[in-house]
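Below, each chain spelled out in residue letters.
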Amino acid sequence: QVQLVESGGGLVQAGGSLRLSCAASGRILSVYGMGWIRQAPGNEREFVAGISWGGGSTDYRDSVKGRFTIARDNAKNTVYLQMNSLKPEDTAVYYCARGVGPGVPVRTTDFGSWGQGTQVTVSS
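All values reported here derive from a predicted model rather than from experimental measurement. (Residues numbered from 1 in each chain as written. Predicted model: local features only at pLDDT ≥ 70, side-chain atom pairs only at ≥ 80, totals over all residues. Heavy atoms only, no water.)

A few words on the overall build of the protein. The helix and strand tally for the protein stands at 0 helices and 11 strands. In sequence order, the protein lays out its α and β elements as β-β-β-β-β-β-β-β-β-β-β. Radius of gyration (C-alpha) of the protein: 13 Å, near the 14 Å computed for a compact globule of 124 residues. Structurally, the protein occupies a C-alpha span of about 40 × 25 × 25 Å along its principal axes. Across the 124 residues in the protein, those meeting the buried criterion constitute 43%. Within the protein, counting contacts between residues at least 6 apart in sequence, those at least 24 apart form 59% of the total. Taking the average location of the 12 positive side-chain charges in the protein and that of its 9 negative ones, the two points are 5 Å from each other. (Helix = DSSP H or I, 4+ residues; strand = E, 2+ residues; numbered from the N terminus. Rg over C-alpha atoms; globule rule 2.2 N^0.38 Å. Buried < 20%, exposed > 50% of the residue type's maximum accessible area, 1.4 Å probe, protein only. Contact = heavy atoms within 4.5 Å. Lys, Arg positive; Asp, Glu negative; His and termini not counted. Charge placed at Lys NZ, Arg CZ, Asp CG, Glu CD.)

Put into structure tokens, the structure is as follows:
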């Protein structure tokens, strides 16, 4: 499967911003929907954001709407997650994930693979 490598995580105070990037190992990435999932310690993985193969459709979990923006640059085989107005409850390991098809992923089960993750920690 396509390898996905996340970067951009780190420590930030509440209200701050981070931009996560996801680099794919091959251009096959461009034919699939993509997205981000996250997992806090002791919790299940949860859907964060999804984007269709061409970038025309997006979806977000309610708690991040208006704060997070997902985007993709297929020419660069890269997916981004811009996170603004971060809250402590956003603290988690964030995983870039490939969808099972070209449509916009809207839940964790819409993804077929994911990367190793990048830690995002938001302090109060």
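So, on to the packing of aromatic side chains. Considering all chains together, one arrives at 1 aromatic pair under this definition. Judged by centre distance (6.3 Å) and plane angle (25°), the ring pair of Phe47 and Phe111 falls under stacked. Of this pair, Phe47 sits in strand β5 (residues 46–51) while Phe111 sits in strand β10 (residues 111–114), and the two are 64 residues apart along the sequence. The buried category is assigned to Phe47, whose relative accessible area is 6%. In this structure, Arg45 is placed above the aromatic ring of Tyr95, and the distance from its NZ or CZ to the ring centre is 4.4 Å. (Phe/Tyr/Trp six-rings, centres within 6.5 Å; stacked < 30°, edge-to-face > 60°. Lys NZ or Arg CZ within 6 Å of the ring centre and 35° of its normal.)

This paragraph deals with the nonpolar core. Trp36, Val48, Phe68, Ile70, Leu81, Met83 and Tyr94 are the most contacted members of the largest nonpolar core, which totals 25 residues. At the level of secondary structure, the elements contributing two or more residues to this core comprise β3 (18–24), β4 (34–39), β5, β7 (68–73), β8 (78–83), β9 (92–99) and β11 (118–123). Considering each element in turn, this core owes the most residues, 4 residues, to β3. Residues contacting Met83, with those up to four places away along its chain left out, are Gly16, Ser17, Leu18, Leu20, Arg67, Phe68, Tyr94 and Val120. Judged by nonpolar contacts, the second largest core, of 5 residues, contains Ile37, Phe47, Ala97 and Phe111. (Core = buried A, V, L, I, M, F, W, Y, C linked by side-chain atoms within 4.5 Å.)

A few words now on the sheet that holds β8. Overall, antiparallel pairing links the 4 strands, which are arranged β1-β3-β8-β7 in an open sheet. If you trace the sheet from one side to the other, it starts and ends with β1 (4–7) and β7, each paired once. Looking at each pair of strands side by side, their axes are set apart by 15° on average, direction ignored. Judged from the 6 bridges that link them, β7 and β8 form a sheet pairing that is antiparallel. Counted as the bridge partner of Ala71 is Tyr80 from β8. (Pairing = 2+ DSSP bridges. Axes fitted to C-alpha atoms, helices over the stretch in contact; angles between N-to-C directions.)

Moving on, we get to the state of the cysteines. In this structure the tally under the stated criterion is 1 disulfide. Linked covalently through their sulfurs, Cys22 and Cys96 form a disulfide whose S-S length is 2.0 Å. As the torsion about the S-S bond is roughly -75°, the Cys22-Cys96 disulfide counts as left-handed. One end of the pair, Cys22, is in strand β3; the other, Cys96, is in strand β9, and 74 residues separate them in sequence. By the burial criterion, Cys22 is buried, and Cys96 matches it. (Disulfide = S-S within 2.5 Å.)

All quantities given are derived from atomic positions and should not be read as evidence of function.
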